[in-house]
Amino acid sequence: LIQNISNIFLCMTSGATISDVWRYILIYHYGGVYTDLDNAPGHKYNDGDIIAPDYDAFFTVEGVGIMTQFFFASSPRHPFF
């Protein structure tokens with residue numbers, strides 16, 4: 001998927017960092033939905049107004065203004081990733 005990816009992973013010392021980067025690479029290349037296993041939809045997602053059918057990508061933002069890592073979705077090769 002990415003040239004010299006093994007060299008990039010050799011620079012990472014944390015298993016969590018490797019997992020984060022790997023999931024971003026896979027979502028960028030293939031598209032799809034990622035969610036942590038312990039994640040469950042809250043009441044505000046049940047009405048269907050949050051994720052519209054024509055969205056190309058979806059993610060929630062933490063209080064500090066960064067994308068959450070526990071849930072996101074994207075079409076393949078979305079420029080955000």
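All values reported here derive from a predicted model rather than from experimental measurement.

For the coordinates displayed, the defined rule picks out one salt bridge. One salt bridge connects Arg23 with Asp20, and the closest N-O pair in it is separated by 3.0 Å. Within this pair, Arg23 and its partner Asp20 are both found in helix α2 (residues 15–30), separated by three residues, close to a single helical turn. Each member of the pair, Arg23 as well as Asp20, carries the same accessibility label: buried.

A word on the confidence of the model for the chain. Across the chain, the average pLDDT comes to 83, with 86% of residues at 70 or higher. Mean pLDDT across the elements of the chain bottoms out in helix α1 (residues 5–10) (83) and peaks in strand β1 (residues 32–35) (90).

Before going further, it helps to examine the sheet that holds β1. Taken in spatial order, the three strands make up an open sheet running β1-β3-β2, and their pairing is antiparallel. Strands with a single pairing partner mark the edges of an open sheet, and in this sheet they are β1 and β2 (57–61). Strand after strand, the sheet turns through a mean of 20° between neighbouring axes, direction not considered. Taken strand by strand, α2 contacts β1 and β3 (67–74), and its axis lies near 15° from that of β3.

Along an α-helix, a turn takes 3.6 residues, which lines up residues three or four apart on a common side. In this model α2 runs 22 Å from its N-terminal to its C-terminal C-alpha over 16 residues, within 8% of the 22 Å that 1.5 Å per residue would give. Where α2 is buried, its residues touch α1, β1 and β3. Looking one or two residues past α2, Gly31 carries a phi angle of roughly 75°, positive in sign.

Analysis parameters
Residues numbered from 1 in each chain as written. Predicted model: local features only at pLDDT ≥ 70, side-chain atom pairs only at ≥ 80, totals over all residues. Heavy atoms only, no water. Salt bridge = Lys/Arg side-chain N within 4 Å of Asp/Glu carboxyl O. Helix = DSSP H or I, 4+ residues; strand = E, 2+ residues; numbered from the N terminus. Buried < 20%, exposed > 50% of the residue type's maximum accessible area, 1.4 Å probe, protein only. pLDDT = per-residue confidence, 0-100. Pairing = 2+ DSSP bridges. Axes fitted to C-alpha atoms, helices over the stretch in contact; angles between N-to-C directions. Contact = heavy atoms within 4.5 Å. Expected span 1.5 Å × (residues − 1).

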